[in-house]
Amino acid sequence: MKYSNRSKKSTYGQNFLFNKELLTALLDSCHLQPNDNVLEIGAGAGTLTEILAQRVGKLLALEIDDSLMPYLRALEQKLPNLRCLHCDFMTWDFEEYFRDTPSVKVIANIPYYITTPIYHRLIFSSLPIEELSCMVQLEVAKKIIATPEQKNEYGTLALICRHKYNAEIVRVVVKENFSPVPKVDSAFVRLTRKPEASPVDAADTAYYRLVKASFLHRRKTLLNSLKASGYEGGLVAEALRCLEIQENARPENLRYEDYVKLAESLG
Ligand code: SAH
């Protein structure tokens with residue numbers, strides 16, 4: 001293999017899944033409907049894409065690597081409900097693309113080097129994303145479902161996901177299933193939008209901002225962490241007092257409900 005190809009593979013986080021039985025079992029857990037609108041980020045050579053397209057109404061598959069596009073173009077010829085785009089998900093205007101779509105599901109074996117940016121982009125958006133089921137590194141999966149009891153894993157990712165979604169690990173997928181074999185195991189994580197979740201508004205944005213700021217300086221107290229992130233110390237101290245949270249509490253001591261209330265009182 002030429003050096004340029006090798007470096008591209010590692011740059012794009014390419015770990016392919018060719019095991020169709022495994023992929024079929026994972027999709028069985030997604031409860032897909034024949035009229036679903038689905039987005040796949042990082043379609044690769046299209047193994048998941050093909051199985052997915054056969055189960056849903058419309059599938060839009062994105063891929064950044066031009067050398068993989070011929071495989072995807074061939075699939076497009078076969079599957080009329082499949083559209084493939086050669087683009088970088090991180091700069092592509094997905095909100096514009098899905099502007100008039102009432103509901104979107106994201107199902108993918110995503111590139112791991114941008115796992116958190118992908119989750120943030122999707123979750124902070126105003127799009128009605130009903131389900132977000134992705135393959136991620138096992139350690140990231142544990143962070144997504146963590147509660148304050150899992151002190152080391154609990155943090156921004158769990159609190160951001162939990163705000164609008166219920167999260168579960170569907171299945172742990174050992175690294176030998178991937179090609180090339182990565183260093184760590186993975187897990188398929190399913191986020192389903194809470195029935196009562198409203199579209200993202202200014203109050204949600206304030207919550208997301210608070211959570212990110214709280215864990216930015218993990219070893220500081222929550223109060224100092226927020227002060228360091230530009231929150232007014234007096235206001236934070238007052239809000240903590242009203243919520244009966246100790247002034248020396250650390251970010252990982254607060255539950256999801258505490259962050260919601262704190263975000264509300266800080267405005
Ligand atoms: N879904 C495929 C490939 C998974 S590997 C499978 O399961 O086999 C992740 C894929 O994401 C790679 O094909 C990689 O080229 C692609 N990718 C990496 N960064 C991307 C980005 N920013 N936007 C879109 N695709 C990307």
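Shown above is the structure to which this text applies.
We now turn to the structure provided with this report. Just so we're clear, the structure is a prediction, and the values are computed from it rather than from any experiment.

With that settled, consider the nonpolar core. Counting residues in each nonpolar core, the largest one holds 89 residues, and the members touching the most others are Leu-39, Trp-92, Tyr-119 and Tyr-259. Non-local contacts of Trp-92, meaning those with residues more than four positions away in its chain, are made with Leu-39, Leu-60, Leu-62, Leu-85, Cys-87, Tyr-97, Phe-98 and Arg-121.

Two elements in contact, helix H8 (residues 156–164) and helix H9 (residues 202–214), have axes separated by 9 Å at closest approach and are oriented at 165 degrees. Here H8 lies roughly antiparallel to H9, going by the angle between them. The hand of the H8/H9 crossing is right-handed. On H9, the residues that touch Thr-156, Leu-159, Ile-160, His-163 and Lys-164 of H8 are Asp-204, Tyr-207, Tyr-208, Val-211 and Lys-212. Taken together, the residues that form the contact of H8 with H9 break down as five nonpolar, two polar and three charged.

Below, the discussion takes up the site of the ligand. Lining the immediate environment of the ligand, one finds 21 residues, of which Gly-42, Glu-63, Asp-88, Asn-109 and Tyr-113 sit closest. A distance of 2.9 Å separates an oxygen atom of the ligand from a polar backbone atom of Leu-17. Residue Ile-64 places a main-chain N or O atom 3.4 Å away from a nitrogen atom belonging to the ligand. Within the complex, 99% of the 570 Å² of free accessible area of the ligand lies under protein. Its residues placed into classes, the shell around the ligand shows 11 nonpolar, six polar and four charged.

Following Ser-179, the chain continues to Pro-180 via a peptide bond in cis, the omega torsion being -10 degrees. Counting through the fold element by element, Pro-180 comes out in the loop between strand E8 (178–179) and strand E9 (186–193). In the Ramachandran plot, His-31 falls in the positive-phi region, its phi being about 50 degrees despite a non-glycine side chain. With respect to the element layout, His-31 can be found in the loop between helix H2 (20–28) and strand E2 (37–41). In this model, Glu-244 sits at a positive phi of 55 degrees, which is unusual for a non-glycine residue. Tracing the chain through its elements places Glu-244 in the loop between helix H11 (233–242) and helix H12 (256–266).

The strand order across the open sheet built from seven strands is E4-E3-E2-E5-E6-E9-E7, with neighbouring strands paired in mixed fashion. Pairing within the sheet leaves two strands with one partner each, and these edge strands are strand E4 (82–86) and strand E7 (165–173). Across the sheet, the axes of successive neighbouring strands diverge by a mean angle of 20 degrees, strand direction being ignored. As defined by bridge partners, E2 adjoins strand E3 (residues 58–63) across five bridges and the pair is classed as parallel. Each residue of the ladder has a partner; that of Glu-40, found in E3, is Ala-61. Seen against the sheet, helix H4 (residues 69–78) touches E3 and E4 and runs at an angle of roughly 160 degrees to E4.

Taken as a whole, this structure holds 12 salt bridges when the rule is applied. For Arg-190, the salt bridge is made with Glu-131, and the minimal N-O distance between the two is 3.2 Å. Of this pair, Arg-190 sits in strand E9 while Glu-131 sits in strand E6 (residues 129–137); the two residues are 59 residues apart in sequence, bridging distant segments of the chain. A single salt-bridge network, built from bridges that share partners, covers Glu-131, Glu-168 and Arg-190.

Overall, the coordinates contain 11 aromatic pairs when judged by the stated rule. A connected cluster of aromatic rings, assembled from ring pairs, spans Phe-89, Trp-92, Phe-94, Tyr-97 and Phe-98. We note Arg-121 situated over the ring of Phe-89; from NZ or CZ to the ring centre the distance is 5.1 Å.

Our focus in this paragraph is H12. For H12, the full list of buried residues reads Tyr-256, Asp-258, Tyr-259, Leu-262 and Ala-263. End-on, the buried residues of H12 take up no more than an arc of 155 degrees, which puts them together on one face. Looking one or two residues beyond H12, the residue adopting positive phi is Gly-267, at roughly 80 degrees.

Another aspect to go through is the pairing of E2. Two faces, one strand: in a regular strand the side chains alternate between the faces of the sheet. Burial of E2 is extensive: four of the five residues sit out of reach of the surface. Viewed along the sheet, the connection from E2 through helix H3 (residues 47–53) into E3 turns out right-handed. With two bridges joining them, E2 and strand E5 (residues 104–109) adopt parallel strand pairing. Paired with Leu-39 across the strands is Val-106, a residue of E5.

The rules behind the values
For every chain, the first residue of the written sequence is number 1, and numbering continues from 1 onward in sequence order. Residues qualify for local features only when their pLDDT is at least 70, as the model is predicted, and side-chain atom pairs are given and counted only at 80 or more; totals for whole chains, interfaces and linings, by contrast, use all residues. For the side-chain quantities, the full set of heavy atoms in the structure was used; hydrogens and water were omitted. For this analysis, a nonpolar core means a set of buried residues of the types Ala, Val, Leu, Ile, Met, Phe, Trp, Tyr and Cys, connected via side-chain atoms within 4.5 Å. Partly exposed describes any residue whose relative accessible area lies between the buried limit of under 20% and the exposed limit of over 50%, with all areas from a 1.4 Å probe on protein chains only and scaled to the type maximum. Contact criterion: two residues are considered in contact whenever any of their non-hydrogen atoms come within 4.5 Å of each other. A fitted line through C-alpha atoms represents every axis, and for helices the fit uses only the stretch in contact; the resulting angles, taken between N-to-C directions, go from 0 to 180 degrees. Secondary structure elements are defined from DSSP: runs of H or I of at least 4 residues count as helices, runs of E of at least 2 residues count as strands, and each element is numbered from the N terminus. Note on terminology: angles under 35 degrees are roughly parallel, angles over 145 are roughly antiparallel, angles of 65 to 115 are roughly perpendicular, and the others are oblique. Should the near helix be turned anticlockwise from the far one by less than a right angle, the crossing is left-handed, and should it be turned clockwise, the crossing is right-handed. Each residue gets one of three labels, nonpolar for Ala, Val, Leu, Ile, Met, Phe, Trp, Tyr, Cys and Pro, charged for Asp, Glu, Lys and Arg, and polar for the others, Gly among them. For this description, a residue counts as near a given molecule or strand if any of its non-hydrogen atoms is within 4 Å of it. Under the rule applied, a polar contact is a pair of N or O atoms within 3.5 Å (in protein, one hydrogen donor and one hydrogen acceptor; residues adjacent in sequence only if both atoms are side-chain atoms). Using a 1.4 Å probe, the Shrake-Rupley method yields the accessible areas, and only the shown protein chains count as cover for residues. At least two DSSP bridges between two strands are needed for those strands to be called paired. We define a salt bridge as a side-chain nitrogen of Lys or Arg found within 4 Å of a carboxyl oxygen belonging to Asp or Glu. Only centres within 6.5 Å qualify two rings of Phe, Tyr or Trp (six-membered ring in Trp) as a pair; their planes then separate them into stacked at under 30 degrees, edge-to-face at over 60, and tilted for everything else. Placement of a charge over a ring requires the Lys NZ or Arg CZ to be within 6 Å of the ring centre, with the centre-to-atom vector within 35 degrees of the ring normal. Working definition: the arc comes from the directions between the helix axis and the C-beta atoms, pointing outward to the latter. Classification remark: right-handed applies to a crossover when, strands pointing away from the viewer, the course from the first strand over the helix to the second runs clockwise.

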